[in-house]
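Spelled out from the first residue to the last, the chains are:
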Amino acid sequence: MDLTCTEEEEDFRARLRAWLGKVLPELPAKPSPDDWPGRRAYDLGWQRRLYEAGYAGLHWPVDAGGRGATPTQHLIFLEETERAGAPYVGANFVGLLHAGPTIAAEGTAAQRARWLPPVLRGDEVWCQGFSEPDAGSDLASLRTRAVRDGDDYVVTGSKIWTSHAEVSDWCELLVRTDPEAPKHRGISWLAMPMDAPGVTVRPLRTLAGSTEFAEMFLDEVRIPVANRVGAENDGWRVTMVTLSFERGTAFVGEVVACRRTLGELARTAKANGRWDDPVLRRRLGRLYGEFGALWRLTQWNVSESEGSGGVPGIGGSVFKLAYSHARQELYDVAAQVLGAASLSLEEEWTLDRLSSLSYTIAAGTSQIQQNIVAERILGLPKGR
């Protein structure tokens, strides 16, 4: 892993900074958190600007519509956009960070041509249909059935925690295509149009008051066999590719955001007199070191993914496990620094703190990540 920026990469940073300085003041006001159609339009509008400026899918392979940027350029992009306060990918995150990279790695030429350009242009939004009410952490126990009928699969079942389902055009969907096979071998990965007859979406309200998640009910939904990514019953392997992106590189920008937040907390503590507390200073110092280490691990994971054709390795589980707990502690410290102000739901800090509680569950619970690290990295025997 070479962390030294070349002259070309520093030139890339300078051009990116100049572009951000010009375009960010031109952005419209952010919509209300409850205005999901407005949020979709805002997020897609930002993605369109990135596309037109040549920054969309920066690190994607050229044959997938990206620029084939180096890992260092990718990290520079994330650093500079976060430091400038640029919009997050928002409603686009499943398409850009999960489904899109999976299709780029596993899809046919026709599938790549159909689905990747609209994601990069900001034309279509994806959601993820993996989790089920009775198959949460044990994802391979999913029960949603897909029965082959000619050129279609007929799908019946339900999904839960489906992010941005109410404003999505497509869903990366896991289904059971062979109920007689061992549970990890009878699964297929499908791209489902969200406007297909038989799809019902019911928003779920979170602790923070948001409806970014939803239940999804599928009643004999017909999905073309041509929408299957990978071979029939090989969906678990394809899913591991998706999850490697979700755990290995999808949180990269958030590490940069947390490091910026940590700096803001230190400045706030100095301004409101809480900096004199030695316990608080030690907590902030430890978090500073932890997020610094996470950034180095991020650089390692991104570099490793470049050497493996763009697919991150299982080291992403190490990152995801450590990051989830560090983020929760960061916002615990924020509550200590802000005092009573951290209790107001009108404060962005409070919403971020409530959101941080989900990180030890989202994208694979910490217990699951611990098992993966123990068994696949450390080579420990499976528990009984």
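Below is a summary of the structure that appears in this document. (Residues numbered from 1 in each chain as written. Predicted model: local features only at pLDDT ≥ 70, side-chain atom pairs only at ≥ 80, totals over all residues. Heavy atoms only, no water.)

Per the secondary structure count, the protein chain includes 11 helices and eight strands. Within the span of the protein chain, comprising 384 residues, buried residues form 51% of the whole. Across the protein chain, every contact between residues at least 6 apart in sequence was considered, and the portion connecting residues at least 24 apart equals 72%. (Helix = DSSP H or I, 4+ residues; strand = E, 2+ residues; numbered from the N terminus. Buried < 20%, exposed > 50% of the residue type's maximum accessible area, 1.4 Å probe, protein only. Contact = heavy atoms within 4.5 Å.)

Turning our attention to unusual backbone geometry. For His164, which is not a glycine, the phi torsion comes out positive at approximately 60 degrees. The phi torsion at Glu220 lies on the positive side, around 55 degrees, for a residue other than glycine. Within the secondary structure layout, Glu220 lies in strand S7 (residues 213-224).

On to the packing of helix H2 (residues 36-53) against helix H5 (residues 109-121), then. Packing of H2 against H5 brings their axes to within 7 Å, and their N-to-C directions diverge by 105 degrees. The angle between H2 and H5 places the two elements in the roughly perpendicular class. From H2, Gln47, Arg48 and Tyr51 reach across to H5, where they touch Val119, Leu120 and Arg121. Of the residues assigned to the contact of H2 with H5, the class counts are three nonpolar, one polar and two charged. (Axes fitted to C-alpha atoms, helices over the stretch in contact; angles between N-to-C directions. Parallel < 35°, antiparallel > 145°, perpendicular 65-115°, else oblique. Nonpolar A, V, L, I, M, F, W, Y, C, P; charged D, E, K, R; others polar.)

We now examine the pattern of salt bridges. All told, the structure shown has 23 salt bridges when counted by the stated rule. One salt bridge connects Glu132 with Lys159, and the closest N-O pair in it is separated by 2.9 Å. Here Glu132 is found in the loop between strand S1 (126-129) and strand S2 (145-149), whereas its partner Lys159 is found in strand S3 (residues 152-159), with 27 residues between them in sequence. For the pair shown, Glu132 and Lys159 are each scored as buried. Salt-bridge contacts for Glu232 lead to Arg148; the nearest nitrogen and oxygen are separated by 3.7 Å. Taken as a pair, Glu232 in the loop between strand S8 (228-229) and helix H6 (235-248) and Arg148 in strand S2 lie far apart in primary sequence, 84 residues in all. Given the relative accessible area of 46%, Arg148 is considered partly exposed. Residues joined in a network through salt bridges with shared partners are Glu10, Arg13, Arg17, Glu79, Glu80 and Arg83. (Salt bridge = Lys/Arg side-chain N within 4 Å of Asp/Glu carboxyl O.)

Pairing analysis gives five bridges linking S2 to S3, with the strands arranged antiparallel. Paired with Arg148 across the two strands is Tyr153, which belongs to S3. Remark: two residues form the turn of the hairpin made by S2 and S3, two consecutive strands paired antiparallel; Gly150 in that turn has positive phi of roughly 65 degrees. (Pairing = 2+ DSSP bridges.)

Turning our attention to the environment of Pro61. Counting through the fold element by element, Pro61 comes out in the loop between H2 and helix H3 (71-83). Not counting residues within four places of it along the chain, the set of residues in contact with Pro61 comprises Gly66 and Gly68.

As a further point, take H2. Along an α-helix, residues three or four positions apart point the same way, because every turn accommodates 3.6 residues. For H2, built from 18 residues, the straight-helix expectation of 26 Å at 1.5 Å per residue is met to within 8% by its first-to-last C-alpha distance of 26 Å. Inspection of H2 places Trp36, Gly38, Arg40, Tyr42, Asp43, Leu44, Trp46, Gln47 and Leu50 among the buried residues, and these make up the whole buried set. In the core, the buried residues of H2 are packed alongside helix H1 (7-23), H3, helix H4 (93-106) and H5. The N-terminus of H2 is capped by Asp35, whose side-chain oxygen sits 2.9 Å from the backbone nitrogen of Gly38. Gly54 occupies a position one or two residues after H2 and carries a positive phi of about 85 degrees. (Expected span 1.5 Å × (residues − 1). Polar contact = N/O pair within 3.5 Å; in protein donor to acceptor, adjacent residues only side chain to side chain.)

A few words on the pairing of S7. Alignment of S3 against S7, held across seven bridges, turns out to be antiparallel. If you follow Ser158 over to S7, its bridge partner there is Phe217. With six bridges joining them, strand S6 (residues 199-204) and S7 adopt antiparallel strand pairing. Paired with Arg202 across the strands is Glu215, a residue of S7.

For any two helices packed against each other, the geometry comes down to the angle between their axes and how far apart the axes lie. Two elements in contact, H1 and H3, have axes separated by 10 Å at closest approach and are oriented at 30 degrees. As summarised for this structure, H1 and H3 are arranged roughly parallel, according to the angle between their axes. Judged by the twist between their axes, the crossing of H1 over H3 is right-handed. Contacts from Glu8, Glu9, Phe12, Arg13, Leu16, Arg17 and Leu20 of H1 reach H3 at Thr72, Gln73, Ile76, Phe77, Glu79, Glu80, Thr81 and Arg83. (Left-handed = near helix turned anticlockwise from the far one by under 90°.)

Before going further, it helps to examine the nonpolar core. Within the largest apolar cluster, 66 residues are counted, with the highest numbers of intra-cluster contacts made by Trp46, Trp126, Trp189 and Phe291. The biggest single contributor to this core is helix H9 (residues 315-338), with eight residues. Filtering out sequence-adjacent residues up to four positions away, Phe291 remains in contact with Val255, Cys258, Arg259, Leu262, Tyr323, Ala326, Arg327 and Leu330. One finds Cys171, Met192, Val199 and Val221 within the second-largest nonpolar core, a separate group that totals 19 residues. (Core = buried A, V, L, I, M, F, W, Y, C linked by side-chain atoms within 4.5 Å.)

On the secondary structure map, Gln73 appears in helix H3. A relative accessible area of 11% places Gln73 in the buried class. The residues contacting Gln73, other than those within four sequence positions of it, are Glu8, Glu9, Phe12 and Leu58.

Right, let's talk about the state of the cysteines for a bit. Applying the stated criterion across every chain, the model contains zero disulfides. The thiol of Cys127 is unpaired, and the distance to the nearest cysteine sulfur, on Cys171, comes to 3.9 Å. (Disulfide = S-S within 2.5 Å.)

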